[in-house]
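Listed below, chain by chain, are the residues.
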Amino acid sequence: MSDFFKTWVKDESMREQTHLGSLSAPSPMELAPPSGSYKTDWEELTREQRCSRAWVEIDLDAIGENVAQIRTKLQPNTAVMAIVKADGYGHGAAYVAQAALRAGATWLGVATVWEGVELRQAGITAPILVLEAISDRDRVITAREHQLDLTVAFTKQAVALSNLFSSSERPLPIHLNIDTGMSRLGVDWTEAESCVRLLRCLSGLELKTIYSHLATADEPDTTMVHEQHRRFETVLHRLRAIGCDQPIHFSNSAGAIAFPELHYDMVRVGLALYGIAPAPHLADQITLRPAMSVRAKVTQLRTLPPGRGVSYGHRFISERETKLATVGIGYADGVPRLLSGRLAVAIRGQLAPQVGTITMDQLLVDVTELASVEVGDTVTLIGADGHQRLTAQQWAETIGSIPWEIVCGFRQRLPRLYHLASGLIEPTPGIQPTSGVEFGDGSSKTNEASDFKYGNGI
Ligand SMILES: Cc1ncc(COP(=O)(O)O)c(C=O)c1O
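Reading the values: rules and limits
- Residues numbered from 1 in each chain as written.
- Predicted model: local features only at pLDDT ≥ 70, side-chain atom pairs only at ≥ 80, totals over all residues.
- Helix = DSSP H or I, 4+ residues; strand = E, 2+ residues; numbered from the N terminus.
- Core = buried A, V, L, I, M, F, W, Y, C linked by C-beta atoms within 7 Å.
- Buried ≥ 20, exposed ≤ 12 C-beta atoms within 10 Å, placed from the backbone.
- Domains from an automatic or database assignment.
- Contact = placed C-beta atoms within 7 Å.
- Pairing = 2+ DSSP bridges.
- Near = placed C-beta within 6 Å.
- Nonpolar A, V, L, I, M, F, W, Y, C, P; charged D, E, K, R; others polar.

Asker: Whenever I open this one, unusual backbone geometry confuses me. Can you help?
Answerer: Keep in mind that most residues, glycine aside, have a negative phi and that most peptide bonds are trans. With a phi angle near 50°, aspartate 87 is a residue other than glycine that sits in the positive phi range. Mapped onto the secondary structure, aspartate 87 falls in helix 6 (residues 85–90). Notably, histidine 314 is not glycine yet its phi reads approximately 45°, a positive angle. Relative to the helices and strands, histidine 314 is located in the loop between strand 12 (309–310) and strand 13 (316–317).

Asker: Is there a simple way to think about the nonpolar core in this case?
Answerer: One broad rule of soluble globular proteins: the nonpolar side chains tend to lie buried together. Formed by 120 residues in total, the largest nonpolar core has its most connected members in Met81, Ala82, Ala97 and Ala100. Of the domains in this structure, domain 1 (106–272) and domain 2 (292–425) are the two that each give at least three residues to this core. Once residues within four sequence positions are removed from consideration, alanine 97 is found in contact with Ala82, Val84, Gly88, Leu108, Leu119 and Ile124.

Asker: Whenever I open this one, the pairing of strand 11 (residues 292–304) confuses me. Can you help?
Answerer: Regular strands have side chains that alternate between both faces of the sheet. Sheet topology note: the strand 1 (residues 54–59)/strand 11 ladder contains five bridges and is antiparallel. Paired with tryptophan 55 across the bridge in strand 11 is arginine 295. Pairing of strand 11 with strand 18 (residues 378–385) involves four bridges; the strand directions are antiparallel. Within the sheet, the bridge partner assigned to alanine 296 lies in strand 18 and is valine 379. Across six bridges, the pairing between strand 11 and strand 14 (residues 322–327) is antiparallel. Following the sheet pairing, leucine 304 is matched in strand 14 by threonine 322.

Asker: How should I be thinking about the site of the ligand in this particular structure?
Answerer: Surveying the vicinity of the ligand reveals the residues Ile83, Leu131, His213, Asn252, Ser253, Arg268, Val269, Gly270, Leu271, Ala272 and Pro278. Residue classes in the shell around the ligand are distributed as six nonpolar, four polar and one charged.

Asker: How should the environment of threonine 151 be read in this particular structure?
Answerer: The residue threonine 151 is located in strand 5 (residues 148–152) in this model. Separated by 22 residues in the primary sequence, threonine 151 and leucine 129 place their C-alpha atoms 7.2 Å from one another. Dropping the residues within four chain positions of it, threonine 151 is found in contact with Leu129, Val130, Leu131, Glu132, Ala133, His175 and Asn177.

Encoded structure:
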């Protein structure tokens, strides 16, 4: 510890001034900045202040349109589960969920119990399936308290759940995940029948649906999709033979778009909901509109002489007199550092190359060729600016990633602005709405789960 900090800790008067009192265990209140010194209340800030550096825009109309597009691919009685895990793939789970439900989705899928709880706290009443397989008492009880349906993926887990609810008046709704080839989660397809026989002997559980997950539906080679389908059909044939006729779901976005024979009673749609095709070869099979735009502000402009190194490591050296714009967004916000020197952004409707290493909070753009740029100009990294269209898929292709990872990268730091044709909604980052989502038209529709049955044909 430097002398300065030693002095600071020892200095009793300083301790008083900073309200630290005892240094042993400061409470969160004590750590909050002294009131009045600067603005910390998000609610008090104007939109300009909130978006002074960088922000994410989410177009909720696009979410609704994408659900409608997906539904054109389905039979009218096939339901849609909107997958809103990872905070709605970085788009804001509660907002996306409400937009999807308004557009006709009837179920929601989340990865964890806590994600489900957040949706309930936001006032959402639609049925929610937790996709992870849990059996520890605390999480199971929390799920039950919030009316979250659980996935069962192995027999020991089913026994543990049954033990918890065997004397309960209401059985626990469960959904059986059968592994037909993903090799991640689920009862092996060869053991599915014996698992269902076991479930029938266990008290306290109610088997609601049977599902599986596709491993390669977004690959051009469809061999494994057909093999998973064959295995699943074999299982379903055996289950029907023993009188098990629960609803079935199998398809993710790629399955919903490209394999009508895999739709069954419901599809579980993630990426397509957000307006992104799961693979380039599927893009022309459905019209999707990306819901997410990422924008930031020019914070400084400078002109460099030839031969100047730019950013960490000086991986870019100006070859000519270069007009350089500093932009207030970096890898801590969700722009992958691997994109350094391989990214194009749009300013005033014109493309400009990003140069040098992307830093934690800032990046640099060569704007020499642009007619005019000023401090405060908006820079589009993902989204539309005039005729320019910049996409998460382009980023993913450039760095050998996938669009799922790119959009999830914007989960944490940036404020989000939500657009509806009828108005703009501005939530507080990190805080979910507490009583249903207010839409621009003044409504706050919730979707009644009606005894947690499917709304659509099941
Ligand atoms: C079990 C399950 N179903 C559906 C989905 C949605 O997949 P996609 O985003 O490809 O539509 C996921 C996403 O990972 C998933 O894990």
